[in-house]
Amino acid sequence: KAGVTQTPRYLIKTRGQQVTLSCSPISGHRSVSWYQQTPGQGLQFLFEYFSETQRNKGNFPGRFSGRQFSNSRSEMNVSTLELGDSALYLCASSLSGAREKLFFGSGTQLSVL
Amino acid sequence: SQKIEQNSEALNIQEGKTATLTCNYTNYSPAYLQWYRQDPGRGPVFLLLIRENEKEKRKERLKVTFDTTLKQSLFHITASQPADSATYLCALRLNNAGNMLTFGGGTRLMVKP
């Protein structure tokens, strides 16, 4: 069974641009979560989607948004990029609802110059 | 305020010894706690989950304890091997929080041959 796939693996953008990251969950998984990881703040929850609906949202500005498609694939978008958005963005999938272990992808390393 | 603390200093041990990692939390009442392993440039990998009504969980060379009175979890790796060298993350999930996990900062474990 293929794992969680995130594309692209690396991305370089400049301030003010916008970016879209993609995540394909493990087949059959309906929950997709996004996390931001930085050396200073560690892993921080962005949002979670389940059956195309946002179920939880972390404490991030509105520039961060996401969506989930009917095939459970998910995208997250960051608009008006800032230098502080440079981070490893991780996607995680799980079978259904709560109390499930998360399967993480390898992440997208975003650098904002 | 809510905090999850792991020893930010690296833990260096000799091969064959038992590694013990600590996760302390304040102002949380977690439904369960999970431990993940993360290697450089990769996403976290799930290791163990322990629920609020469980005291101890084991899986092969791994053991986790959960003391909701002390608000602490201990993670043990017995007969440690150099391949166990990685960063270990604890994560809490609150009730009714879907798959939203709150992560500690992680502890880097180095096992020397």
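Computed from a predicted model, the values in this text were never measured in an experiment. (Residues numbered from 1 in each chain as written. Chains lettered and ligands numbered in written order. Predicted model: local features only at pLDDT ≥ 70, side-chain atom pairs only at ≥ 80, totals over all residues. Heavy atoms only, no water.)

1. Quick look at the packing of aromatic side chains
- All told, the structure shown has 12 aromatic pairs over all chains when counted by the stated rule.
- Summarising the aromatic geometry, the rings of Y36 of chain B and F103 of chain B are spaced 5.7 Å apart at their centres and angled 55° between planes, so their arrangement reads as tilted. In this pair, Y36 of chain B sits in strand β4 (residues 30-38) while F103 of chain B sits in strand β10 (residues 101-103), placing the two residues 67 residues apart along the sequence.
- Members of the aromatic cluster, connected to one another through ring pairs, are Y35, F45 and F104 of chain A together with Y36, F46 and F103 of chain B.
- Between the NZ or CZ atom of R9 of chain A and the centre of the ring of Y10 of chain A, over which it lies, the distance is 5.3 Å.
- Sitting over the face of the ring of F50 of chain A, R55 of chain A holds its NZ or CZ atom 4.6 Å from the ring centroid. (Phe/Tyr/Trp six-rings, centres within 6.5 Å; stacked < 30°, edge-to-face > 60°. Helix = DSSP H or I, 4+ residues; strand = E, 2+ residues; numbered from the N terminus. Lys NZ or Arg CZ within 6 Å of the ring centre and 35° of its normal.)

2. A look at the nonpolar core
- Counting residues in hydrophobic clusters, the biggest one holds 23 residues, and the most contacted among them are I4, L33, W35, F75, I77, Y88 and L109 of chain B.
- Elements represented by at least two residues in this core include exactly β3 (19-26), β4, β5 (45-51), β7 (62-67), β8 (72-77), β9 (86-94) and β11 (107-112) of chain B.
- Discounting chain neighbours no more than four positions away, the residues touching F75 of chain B are A19, T20, L21, W35, L47, L48, L62, K63, V64 and Y88 of chain B.
- The next biggest cluster of nonpolar side chains, apart from the first, holds 21 residues, and it includes Y49, F60, L110 and V112 of chain A. (Core = buried A, V, L, I, M, F, W, Y, C linked by side-chain atoms within 4.5 Å. Buried < 20%, exposed > 50% of the residue type's maximum accessible area, 1.4 Å probe, protein only. Contact = heavy atoms within 4.5 Å.)

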